[in-house]
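Here's the letter readout for the chains.
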Amino acid sequence: MYAFNYHRPETLEAASAALAAAADGQVLAGGQTLIPTLKQRLANPSDVIDLGGIAGLGGVRREGDAIVVGAMTRHAEVASSAEVRNAIPALAALADCIGDPQVRNAGTIGGSIANADPAADYPAAVVGLGATVRTGRRTIAGDDFFTGLFETALEEGEIVLSVSFPVPRRAAYAKFPNPASRYAVVGVMVAETASGVRVAVTGAGGHAFRVGAMESALGASFTPEAIRDVAVSPDGLNEDIHASAEYRAHLVGVMARRAVAAAAGG
Amino acid sequence: MPVDISLNVNGKAVSAQVEDRTLLVELLRENLRLTGTHVGCDTSQCGACVVHVDGRSVKACTMLARQAQGAAVTTIEGLAEDGKLHPMQEAFRENHGLQCGFCTPGMVMSALDLVARNPDPSGAEVREWLEGNLCRCTGYHNIVKSILAGANAMRGGS
Ligand SMILES: Cc1cc2nc3c(=O)[nH]c(=O)nc-3n(C[C@H](O)[C@H](O)[C@H](O)COP(=O)(O)OP(=O)(O)OC[C@H]3O[C@@H](n4cnc5c(N)ncnc54)[C@H](O)[C@@H]3O)c2cc1C
Ligand code: FES
Ligand code: FES
């Protein structure tokens, strides 16, 4: 690891000021992506600003028809939160299948979505449940948050504060995990919401995306059969040692049908 | 430039000088000479370095020492009392839950976090929980057996 200056501010204002003052500052949340990246010398920030000392950035609360998850809320807390399990069991189940228990005991939702790994799980929930991301500067619609491979709509120095998930009528997440890392080869969140059905895919493309043809078919009939013949094109999908683009396209259909079956049955 | 940090390790207040980039596992092994916490992969995948920080099991190779300022850390050295092994350690010994023993401290620390949440886990739940703990020797069977026996002993069973 290259040397850096560590800061542990106690307020958001102090964190923003430390970021602005740094030649090349980076915030630290659960460290489950950033620390391995630093150890491999793939990043060389001048300053690391730990958000762990700021009160009020973690925790889950109900706000009207939405569940609001603070940026520093760990995956294990989302998985075990009674509030989340009651209102959006699909979100608790998604958090519970991230990595392993020790990753879930440290990693946070803010770090996960800011990192925007194409194979991460939370992006499927942010897009699939039509969430809203609140930062220190503005709110960003879930649909507009992920912009590319490890790319988000976040600007330089912008800190995620929370993610607000509207409670759907029913939803489920189905994931085909990489057997070693547990990251999603393909993961699909299907949700029936007040404004229609949403189908969001992670793992398959450069960033999480929706499948419009499945959404309209499920709007007419919320059954696995309704999307049996909806083909997803492999064009532009990820291709790596784990799976070809064709295989991923096929898995999108399989995972979507499993998610619909689970949501419709539960 | 080294800075002073203070924390509680295995029930004792300690302070040490660390660099900003020092990992928690380096603080434990090199500054405090608690070499029971192992480094198997250093890429956050094997779980040999698992310790408890404020009651949660985490990978000590994936946390900065300075993040543990003021925290309560428990390592494998903190389990035995008055020279008597903790029931989970004893269960690993009884059930041949280790061969080379390299993964064992992480296995035991991880298992104790499971039992704290779920005092009576099933074999399947133990296997699922061990997702982040790799063993190159045993094939896991006796590790699972040990954890079930350890959990049973901790519930007061025989
Ligand atoms: C062995 C292993 C297995 C894993 N498996 C999975 C898996 O199956 N599925 C999955 O989804 N993930 C997986 N992960 C990743 C894990 O979920 C990470 O916790 C997550 O990607 C990053 O969250 P973090 O809190 O650890 O962030 P950090 O590592 O601290 O930060 C990650 C990035 O986000 C930035 N950042 C952090 N917080 C904020 C914020 N509030 N505002 C703005 N920027 C911020 C940081 O500057 C950094 O660039 C795995 C990780 C490991 C080590
Ligand atoms: S040494 Fe920490 S996970 Fe392998
Ligand atoms: S006993 Fe040798 S690695 Fe587990």
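Owing to the predicted nature of the structure, the values given are computational and were not obtained by experimental measurement.

Let's talk about the packing of aromatic side chains
Residue and element names in this part refer to chain A.
Argument step 1. Summed over the entire model, instances satisfying the criterion amount to two aromatic pairs over all chains.
Argument step 2. Ring centres of Phe 145 and Phe 146 lie 5.0 Å apart, and the angle between their planes is 80°; on these two criteria the pair is classed as edge-to-face.
Argument step 3. The class of Phe 145 is buried, set by a relative accessible area of 0%.
Argument step 4. With 6.2 Å between their ring centres and 90° between their planes, Phe 176 and Tyr 247 make a pair best called edge-to-face. One end of the pair, Phe 176, is in strand β11 (residues 170-177); the other, Tyr 247, is in helix α11 (residues 245-265), with 71 residues separating them in the sequence.
Argument step 5. The partly exposed category is assigned to Phe 176, whose relative accessible area is 30%.
Argument step 6. Note that Arg 41 overlies the ring of Tyr 2, its terminal NZ or CZ placed 4.3 Å from the centroid.

As for the domain arrangement of chain B
Residues and elements named next belong to chain B.
Argument step 1. Under the domain assignment used here, chain B contains domain 1 (2-76) and domain 2 (87-154).
Argument step 2. Here domain 1 and domain 2 have C-alpha centroids that lie 22 Å from each other.
Argument step 3. Taken together, the contact between domain 1 and domain 2 spans 17 residues of the former and 14 residues of the latter.
Argument step 4. In this assembly, domain 1 packs against domain 2 so that about 1,200 Å² is buried in total across both faces, 60% of it on carbon and sulfur atoms.
Argument step 5. Sorting the residues of domain 1 by area buried against domain 2 places His 38, His 52 and Ile 76 first, and these three jointly supply 39% of that buried surface.
Argument step 6. Remark: the boundary between domain 1 and domain 2 carries zero salt bridges.
Argument step 7. Between domain 1 and domain 2 we count six residue pairs in polar contact (both at pLDDT 80 or more) in total.
Argument step 8. Secondary-structure elements contributing two or more residues to the side of domain 1 that touches domain 2 are β3 (50-53) and β4 (56-59).
Argument step 9. Of all the elements, β4 adds the most residues to the side of domain 1 that touches domain 2, at three residues.

So, the layout of surface pockets
Argument step 1. Considered as a void within the structure, the second largest pocket measures approximately 750 Å³ in volume.
Argument step 2. Contributing elements (two or more residues each) for the lining of the second largest pocket: α3 (75-80), α5 (89-96), α6 (101-104) and β11 of chain A together with α3 (104-117) and α4 (123-129) of chain B.
Argument step 3. Ranked by the residues each element gives to the lining of the second largest pocket, the list is headed by β11 of chain A, at four residues.

Section: unusual backbone geometry
Among all residues save glycine, negative phi is the norm, and among peptide bonds the norm is trans.
All names here are of chain B.
Argument step 1. Unusually for a residue other than glycine, Ser 44 sits at a positive phi of about 70°.
Argument step 2. For Ser 44, a relative accessible area of 11% corresponds to the buried category.
Argument step 3. Unusually for a residue other than glycine, His 96 sits at a positive phi of about 55°.
Argument step 4. As for its position among the elements, His 96 is in the loop between α2 (87-94) and α3.
Argument step 5. Taking the relative accessible area as the measure of exposure, His 96 reaches 49% and is therefore partly exposed.

Observations concerning the site of ligand 1
Argument step 1. The local shell around ligand 1 holds 33 residues, among which Val 27, Gln 32, Leu 34, Thr 108 and Arg 182 of chain A are the closest.
Argument step 2. Those chains with residues close to ligand 1 are chains A and B.
Argument step 3. Between an oxygen atom of ligand 1 and a main-chain N or O atom of Leu 34 of chain A, the distance comes to 2.6 Å.
Argument step 4. Separating an oxygen atom of ligand 1 from a backbone N or O atom of Arg 182 of chain A is a distance of 2.7 Å.
Argument step 5. Here ligand 1 has 980 Å² of accessible area as a free molecule, and 93% of this is covered by the chains.
Argument step 6. Of all the secondary structure elements, the ones that give two or more residues to the shell around ligand 1 are β2 (25-28) and α7 (109-115) of chain A.
Argument step 7. Of all the elements, α7 of chain A adds the most residues to the shell around ligand 1, at five residues.
Argument step 8. Residues that form the shell around ligand 1 fall into these classes: 13 nonpolar, 15 polar and five charged.
Argument step 9. Looking at which domains feed residues into the shell around ligand 1, each of domain 1 (5-53) and domain 2 (60-263) of chain A gives three or more.

Concerning the packing of α2 of chain B against α3 of chain B
Packed helix pairs are specified by the crossing angle of their axes together with the interaxial distance, meaning the distance between the axes.
Residue and element names in this part refer to chain B.
Argument step 1. The geometry of α2 relative to α3 is characterised by a closest axis approach of 10 Å and an angle of 125° between their N-to-C directions. The orientation of α2 relative to α3 falls into the category oblique. Along this stretch, α2 crosses α3, giving a crossing that reads as right-handed. Counting all contacts with α2, which are made through Met 88, Gln 89 and Phe 92, the residues of α3 involved are Thr 104, Met 107, Val 108, Ala 111, Leu 112 and Val 115.

Concerning the packing of α3 of chain B against helix α5 (residues 141-154) of chain B
Residues and elements named next belong to chain B.
Argument step 1. Following both chains from N to C, one finds α3 and α5 inclined at 50°, their axes separated by 11 Å at the closest point. The orientation of α3 with respect to α5, classified from their angle, is oblique. Crossing of α3 over α5 shows right-handed handedness. In this structure, α3 contributes Met 107, Ala 111, Leu 112 and Val 115 to the contact, and α5 contributes Ile 143, Ile 147, Ala 151 and Met 154.
Argument step 2. For the contact of α3 with α5, the per-class residue count stands at eight nonpolar, no polar and no charged.

About the thresholds
Residues numbered from 1 in each chain as written. Chains lettered and ligands numbered in written order. Predicted model: local features only at pLDDT ≥ 70, side-chain atom pairs only at ≥ 80, totals over all residues. Heavy atoms only, no water. Phe/Tyr/Trp six-rings, centres within 6.5 Å; stacked < 30°, edge-to-face > 60°. Buried < 20%, exposed > 50% of the residue type's maximum accessible area, 1.4 Å probe, protein only. Helix = DSSP H or I, 4+ residues; strand = E, 2+ residues; numbered from the N terminus. Lys NZ or Arg CZ within 6 Å of the ring centre and 35° of its normal. Domains from an automatic or database assignment. Contact = heavy atoms within 4.5 Å. Buried area = accessible area lost by both parts, 1.4 Å probe. Salt bridge = Lys/Arg side-chain N within 4 Å of Asp/Glu carboxyl O. Polar contact = N/O pair within 3.5 Å; in protein donor to acceptor, adjacent residues only side chain to side chain. 1 Å grid on protein atoms, 1.4 Å probe; cavity = no way out; pocket = protein on both sides within 12 Å on 5 of 7 lines; lining within 4 Å. Points joined across faces, edges and corners; volume = space filled by probe spheres on them. Near = heavy atom within 4 Å. Areas by Shrake-Rupley, 256 points an atom, 1.4 Å probe, with all protein chains shown as cover. Nonpolar A, V, L, I, M, F, W, Y, C, P; charged D, E, K, R; others polar. Axes fitted to C-alpha atoms, helices over the stretch in contact; angles between N-to-C directions. Parallel < 35°, antiparallel > 145°, perpendicular 65-115°, else oblique. Left-handed = near helix turned anticlockwise from the far one by under 90°.

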